[in-house]
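# Overview (structure and organization)
If you want the building blocks of each chain, they are given just below.
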Amino acid sequence: MTSTLDTRNALSGPLATALAALLCCSLGMTGPATAEDQPALPKSLADYRFVNAFIVHDQENPLFGMHEFYVNRVGLDAFRHGGPYPEGSEFIGLVYGVEKGDGTMNEGDAQAITLMRKVADAEATGGWQFAMYGADGKAMDIDVVKDCFECHTQVEQRDYVFSQPLSVGELSTVPATETGDASR
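This report concerns the structure included in the present document. Numbers given to residues run from 1 along each chain, matching the order in which its sequence is written. Local features in this predicted model are restricted to residues of pLDDT 70 or higher, and side-chain atom pairs are both shown and tallied only at a pLDDT of 80 or more, whereas totals for entire chains, interfaces and linings draw on every residue. Only hydrogens and water are set aside when side-chain values are computed; all heavy atoms of the structure are taken into account.

## Describing unusual backbone geometry
Most peptide bonds take the trans form, and the phi angle of most residues other than glycine is negative. The condition that has to hold: In this description a helix means any DSSP run of H or I spanning at least four residues, a strand means any run of E spanning at least two, and both kinds are numbered starting from the N terminus. Summary of the burial criterion: residues with accessible area below 20% of their type's maximum are buried, those above 50% are exposed, and those between are partly exposed, where the area comes from a 1.4 Å probe applied to protein chains only.
Of note, the bond from glycine 83 into proline 84 is cis; its omega dihedral lies within 30 degrees of zero at -5 degrees. As for its position among the elements, proline 84 is in the loop between helix 3 (73–80) and strand 4 (90–101). The phi angle at aspartate 159 is positive, at roughly 60 degrees, despite the residue not being glycine. Given a relative accessible area of 12%, aspartate 159 falls into the buried group.

Rendered as structure tokens:
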């Protein structure tokens, strides 16, 4: 039986597509980004650590859904300290629809994948590249300044990263394993 984590690490099918969508929004291109501008997605999330989740409730919002965020090993220490992030830091965002039932909300179908990568030459977007892919795995044409970076300017003091570590008592000291999965 494949666990949820194993399925995500495989990055195939709709998950890969959703991850691609989040990547596109995150990769610091300036102005409109076309499919050929988009970077390749990582083959797995094995070297990434889960760092945050939230739900956008407004169904009219283009980011409606359940979001999960992962940071790579390069950016993990900076994440723990609230930035600044070294070049090569990456955040992957997986966006899912929302399924409601019996007073709960759960992940629905994969919707998009975003990537945010720290690169020195992305001056117009605070040193970050943004990319986004749809659930079908195809890169989305977006304006990374308008569709991504303008919102991230709200957290300029945290090197444009919304996610931040939260104190969760004893769990905040649990180290990641070599695979980046604290549950193993």
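## Some points on the side chain of histidine 67
Just so we agree on the cut-off: Two N or O atoms count as a polar contact when they lie within 3.5 Å, although within protein this holds only if one can serve as hydrogen donor and the other as acceptor, and sequence-adjacent residues are included solely when both atoms are side-chain atoms. The contact definition used throughout considers only heavy atoms, calling two residues in contact when any of these lie within 4.5 Å.
Position of histidine 67 relative to the elements: it lies in strand 3 (residues 65–72). Engagement of the side chain of histidine 67 in a polar contact is seen with the backbone oxygen of leucine 63, the distance being 2.7 Å. Among residues more than four places away in sequence, those in contact with histidine 67 are Asn52, Ala53, Phe54, Val56, Leu94 and Val95.

## Structural notes on helix 3
Listed as buried for helix 3 are Gly75, Leu76, Ala78 and Phe79. Where the residues of helix 3 are buried, they touch strand 2 (48–56), strand 3 and strand 4. Looking at the residues trailing helix 3, positive phi occurs at glycine 82, about 75 degrees.

## Some details on the pairing of strand 6 (residues 128–134)
To keep things clear, this is the line we draw: For two strands to be treated as a pair, DSSP must find at least two bridges joining them.
Summarising burial for strand 6: seven of the seven residues are buried, a large majority. Of the two faces of strand 6, both are covered, the one formed by Trp128, Phe130, Met132 and Gly134 as well as the one formed by Gln129, Ala131 and Tyr133. Relative to strand 6, strand 5 (residues 104–118) runs antiparallel, the two sharing seven bridges. Counted as the bridge partner of threonine 114 is methionine 132 from strand 6.

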